[in-house]
Every structure is written in C-alpha cells, then in structure tokens.
Amino acid sequence: MILDPSFLEAALSRRRWLQLASAGALAAGGLPAHAAFKEPPGSDKLLKVGVTSGPHEQVFAVAKGVAERDYGLRIEIVPFTDYSRPNAALDAGDLDANSFQHRPFLAAQVRSRGYRIVGFGSTFIGPIAIYSKRFKRIEDLPQGANVAIPNDPANESRVLLLLQKSGLITLKTGIDPVAGINATPRDIVANPKQLRFSEIEAAQLPRTLDDTDASAINADYANKAGLNPARDSILLESKDGPYACVIAVREQDQAQPWVQQLVKSYQSEEVRRFILATFDGGVIPAF
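None of these values were measured; they are calculated from a predicted model. (Residues numbered from 1 in each chain as written. Predicted model: local features only at pLDDT ≥ 70, side-chain atom pairs only at ≥ 80, totals over all residues. Heavy atoms only, no water.)

**Student:** I keep staring at the overall build of the protein chain and nothing clicks. Help me out?
**Tutor:** Counting its regular elements, the protein chain contains nine helices and 14 strands. Counting the 287 residues in the protein chain, one finds 51% classified as buried. Taking the intrachain contacts of the protein chain between residues at least 6 apart in sequence as the baseline, contacts between residues at least 24 apart amount to 75%. Element-wise, carbon and sulfur atoms account for 52% of the exposed surface of the protein chain, whose accessible area totals about 13200 Å². (Helix = DSSP H or I, 4+ residues; strand = E, 2+ residues; numbered from the N terminus. Buried < 20%, exposed > 50% of the residue type's maximum accessible area, 1.4 Å probe, protein only. Contact = heavy atoms within 4.5 Å. Areas by Shrake-Rupley, 256 points an atom, 1.4 Å probe, with all protein chains shown as cover.)

See below:
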C-alpha cells in the first residue's frame, strides 16, 4: 500500500507533538511541559520563510515567536533585498513560504513566470507613496516633471492608479490589477502636466530622490530609507484597496496544516500590537 505523503507528514507531526508533550518533566500543576501548544505542530521540519528586509522581516520575527510558542513550528527567516528572488526561491523549493508581496504582484509573477504558488491570509498594507525633496504638495509638480516609478508591472500600475486618483493623469478604461490587467505609461490617455516617467527597480527608488521631481516608493524601501509614508509623502495611497500583502506557499503545500498555523500566528493580537506600536502609521495591519 502506498501512503499519501501529506498523510505521513501529518502523522509524524502528531507523533512529534505527543513526544514533546510527554518527554519533559511535568510542569507545575501536573501538566506536561509542552501541553501549552494550541494544536499539534503542523510540520516536523524546519520551515524556511523568505522575507524582504525591513518591515516584513521585523514583523515576521514576531510572528515566528508566536508560531513557535503556540504551535511548536520551527522556522528560519531568510531575508532578501529585492522583490525578484523570493518567489523564484519558493517555486524552486528552496523556501517553504514567503511574506513580502501583495496579491496583484503575486498574480503578475504567476502569470509571467509560471510559478505554481498561491497566497494565504492577509498580513499588512504598506501604502505606496510619492515623495519629493523639491515640492511640498503633489499639486506643485511643474509642467514636464520627472517622476520615478517602480518598473515591475504590479507596482507600476499601482502608482499610475494613485496618480489617476489624484487627478494628475487619466488611464484608459479596463485597468484591473486584481485580474492582472495592469497599467503602464502607454495606457495614459490624458496627462495635462506632461509628466515624464522613469521606470526604476523598486529597491533603487529611494536613491532617485536627489535627481527627480518626485519618486514613488514602496513602504518597505521607504522605511529603510528613513521615510514614513504617513508623515513624509506628498501623495499617499489609501489603505482601502487590493494591496494587502499575503503569505505565499507552493500549490502542493497549500493543504498542509502548518500553512494555516503560520497564518494564524501572523494574524495574532501580538503581531497586530507590534505593527501599530512600531511603524507610526507607515504600515497598517490588514487583519
């Protein structure tokens, strides 16, 4: 008889939990030392979770502590400095999960690169924003202003939709980031100020502020550059929208019990309090 691998992993995880619960000396009150777990660990292996450095890494460190304490999971956090590698590493099996991207970005990556990965839960929203060292208000941008924007399809579209909402440009109809229909500068049908757009890799955008009239910067890279979206930007994205970040796993792992335990650990009150206390409105819980 051939047993389903997922059945074997669940059985082994259950056995490990029972071993942990009975192996140590009895705690005060007669309870096993590890009986405080809310559930048996959903996996016995070391789970590698990729994050981008900055807020995602900071917040996941707190979620890791909750997952280890409440569910007995063993987690190694693997930091990255850009958006291009965490999904490639996950799809290749070098990671078990990652936590750095919103759903439109994930959808664009799956569509363009064929990754077999899916998103679970919501983590936080890091509002993308427009910053400038030359102007105090978005309305002050002059004719022909140079605006640096991310060069990945999902975040480029995100910025253009933000500029449309502010009234600076008009995009053609039918743009839908959730459905993967993203906007590019070629989709601009009205641009009264003749804004000029420079497409830059997202991690490099904070460095462009000395050379542009304005730059659109994702919250995690803004945070690392000492910028707070709520305080320092001249145009800030609303927290309402499709851009809440998620935890991503491979399709083959989506039914594993550790996935939901990871999501529950992240969406804990402990993590929510950490986000609210640490980022001063620059990062907002999405749960």
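Still to come is the rest of the account.
**Student:** Where do I start with the sheet that holds strand S10 (residues 196-200) in this structure?
**Tutor:** Sheets are built from strands paired through backbone hydrogen bonds, the pairs being either parallel or antiparallel. Taken together, five strands build an open sheet; the order of strands is S10-S7-S11-S6-S12 and the sheet is mixed. Two strands bound the open sheet, and with one partner strand each, they are S10 and strand S12 (235-236). Relative to strand S11 (residues 214-217), strand S6 (residues 129-131) is paired through three bridges, and the arrangement is antiparallel. Within S11, the residue paired with isoleucine 130 across the bridge is alanine 216. (Pairing = 2+ DSSP bridges.)

**Student:** I tried to follow the side chain of threonine 52 on my own but got confused; where do I start?
**Tutor:** The residue threonine 52 is located in strand S1 (residues 46-52) in this model. Judged by its relative accessible area of 0%, threonine 52 is buried. In this structure the side chain of threonine 52 is engaged in a polar contact, spanning 3.5 Å, whose partner is the side chain of aspartate 220. Excluding anything up to four places from it in sequence, threonine 52 contacts Glu57, Phe80, Asp82, Tyr83, Ser99, Phe100 and Asp220. (Polar contact = N/O pair within 3.5 Å; in protein donor to acceptor, adjacent residues only side chain to side chain.)

**Student:** I keep staring at the packing of aromatic side chains and nothing clicks. Help me out?
**Tutor:** In this description, an aromatic ring pair is defined by two values, namely the gap between the centres and the angle between the planes. Summed over the entire model, instances satisfying the criterion amount to seven aromatic pairs. On the basis of an interplanar angle of 35° and a centroid distance of 6.1 Å, the ring pair of tyrosine 83 and phenylalanine 100 is categorised as tilted. Taken together, the residues tyrosine 83 in the loop between strand S2 (74-80) and helix H3 (85-91) and phenylalanine 100 in strand S3 (residues 97-102) connect sequence positions 17 residues apart. Neither tyrosine 83 nor phenylalanine 100 differs from the other in exposure class; each is buried. (Phe/Tyr/Trp six-rings, centres within 6.5 Å; stacked < 30°, edge-to-face > 60°.)

**Student:** Could you clarify how one ought to interpret the nonpolar core in this entry?
**Tutor:** Here is a general trend for soluble globular proteins: nonpolar side chains tend to be buried in one another's company. Core analysis: the biggest nonpolar cluster contains 26 residues, and Phe60, Leu73, Ile75, Trp258, Leu262 and Tyr266 have the highest contact counts within it. Elements that contribute at least two residues to this core include exactly S1, helix H2 (55-71), strand S4 (117-120), strand S13 (245-250), helix H8 (257-266) and helix H9 (269-278). The biggest single contributor to this core is H2, with six residues. (Core = buried A, V, L, I, M, F, W, Y, C linked by side-chain atoms within 4.5 Å.)

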